[in-house]
Amino acid sequence: MKHQCSIIRLDSIDAYNKLYGLETKHPLVTVIDLSKATAVVNHVRMDYGVYALFLKNGTNCKIKYGRQPYDYQEGSIVSFSPGQRIDVDTEVDEIAPDVTGLMFHPDLMHKTPLASKINQYSFFDYSQREALHLSADERLIFTRCLELINEEISHPVDRHTAEIVSSHIQVLLDYVTRFYERQFITRAKVNSDILSKFISSLKEYFDTGHAKESLPTVNYFAEAAHLTPGYFGDMIKKETGLTAQEIISRHIVERAKRRLAETSDDVSILAYELGFQHPQHFSRMFKRVAGINPTQYRERYN
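**Some points on the layout of surface pockets**
- Estimated volume of the largest pocket: approximately 380 Å³.
- Around the largest pocket, the lining is made up of 16 residues, and of these Val 31, Ile 32, Asp 33, Lys 36 and Asn 150 lie nearest the centre.
- Every element with two or more residues in the lining of the largest pocket is listed here: strand E2 (29-33) and helix H3 (136-153).
- A per-class count over the lining of the largest pocket returns 6 nonpolar, 5 polar and 5 charged.

The following block contains the structure:
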């Protein structure tokens, strides 16, 4: 039976805790244990104004980002950041999902080292098929980090609280980064297939003349792989040591080199064929990758 989702705006920690009947120990951060919830929230759409990480311990919770379900199995983590909208469904209305996790407001990081680093944690922008699957040891580490945070916010708030809590959160996020890097390695076969498809699609993009309409973007190939640009880019970087944009740029320059060597076409014509609206943009990319501009390359080759 299809349920109509109600929309809930999560712009504070207390707003989330009140939904589930949980205690708010600190106005800007909470450690979540939904097995202790006194209220059940189901068939809802949550607009996030906070950061959150959830570890799924049971099997009765399903979430969607847009129209796509998360690869959110037992023992896996998903993370959200302000501005994301998530649909939540449990298989049984009367039972709260067995989920633990962390939620913190952006204001918590104010004047702490975490504020300048938070944008480096690209996994907050991952979505469907991109949950982090933890080993038993990794789950213990995640749980220990939550315990440290919970212990700190259980004390009365003083001038050291925000910095200590944010440092514990940073450690947790660093561990999640490490665990994702491990997952990229253990899923090497899947990642290799995605990389191969990316390279072949990049060639096809130019072979079919699609580039004449617009330059290829990382978002275009990420969408074709049914991945977010963040996860796709991180996976490509782990596999090749290059960013996806660097691979695209190198491919464009290699094609340009062949055209420069084999024809006498003006550089501006070549630039338009490769998708550049302005030849000077093409020349800048070429020089950045090749070390010399297109005209110098043609002169040197000839």
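Next comes the rest of the account.
**Points about the packing of aromatic side chains**
- By the definition in use, this model includes 20 aromatic pairs.
- Aromatic side chains Phe 123 and Phe 124 sit 5.1 Å apart centroid to centroid with 35° between the ring planes, which places their arrangement in the tilted category.
- Note on Phe 123: relative accessible area 3%, which makes it buried.
- Note on Tyr 205 and Phe 206: the rings are 5.9 Å apart at their centroids and 65° apart in plane angle, and the pair reads as edge-to-face. Of the two residues examined, Tyr 205 and Phe 206, each falls in the buried class.
- Feature note: the residues Tyr 51, Phe 104, Tyr 121, Phe 123, Phe 124, Tyr 180 and Tyr 231 constitute an aromatic cluster, connected by ring pairs.

**Let's talk about empty space enclosed by the protein**
- Following the criterion strictly, the structure yields 3 cavities of 30 Å³ or more and no others.
- Contributing to the lining of the second largest cavity are Ile 194, Lys 197, Phe 198, Ser 201, Phe 221, Ala 224, Ala 225 and Phe 232.
- Mapped by element, the contributors of at least two residues to the lining of the second largest cavity are helix H5 (188-207) and helix H6 (218-224).
- Considering each element in turn, the lining of the second largest cavity owes the most residues, 4 residues, to H5.
- Each residue belonging to the lining of the second largest cavity can be placed in one class, and the counts come to 6 nonpolar, 1 polar and 1 charged.

**With respect to the sheet that holds E2**
- On the basis of which strands lie adjacent, the open sheet formed by 5 strands has the order E2-E9-E4-E7-E10 and antiparallel pairing. Edge positions in the sheet fall to E2 and strand E10 (132-133), since each has one partner strand and no second.
- Relative to strand E7 (residues 76-80), strand E4 (residues 51-56) is paired through 5 bridges, and the arrangement is antiparallel. Considered in E7, the bridge of Ala 52 is made with Phe 80.
- Packing of helix H1 (residues 13-20) onto the sheet brings it into contact with E2, E4 and strand E9 (99-104), and relative to E2 it is tilted by some 25°.

Rules used throughout
- Residues numbered from 1 in each chain as written.
- Predicted model: local features only at pLDDT ≥ 70, side-chain atom pairs only at ≥ 80, totals over all residues.
- Heavy atoms only, no water.
- 1 Å grid on protein atoms, 1.4 Å probe; cavity = no way out; pocket = protein on both sides within 12 Å on 5 of 7 lines; lining within 4 Å.
- Points joined across faces, edges and corners; volume = space filled by probe spheres on them.
- Helix = DSSP H or I, 4+ residues; strand = E, 2+ residues; numbered from the N terminus.
- Nonpolar A, V, L, I, M, F, W, Y, C, P; charged D, E, K, R; others polar.
- Phe/Tyr/Trp six-rings, centres within 6.5 Å; stacked < 30°, edge-to-face > 60°.
- Buried < 20%, exposed > 50% of the residue type's maximum accessible area, 1.4 Å probe, protein only.
- Pairing = 2+ DSSP bridges.
- Contact = heavy atoms within 4.5 Å.
- Axes fitted to C-alpha atoms, helices over the stretch in contact; angles between N-to-C directions.

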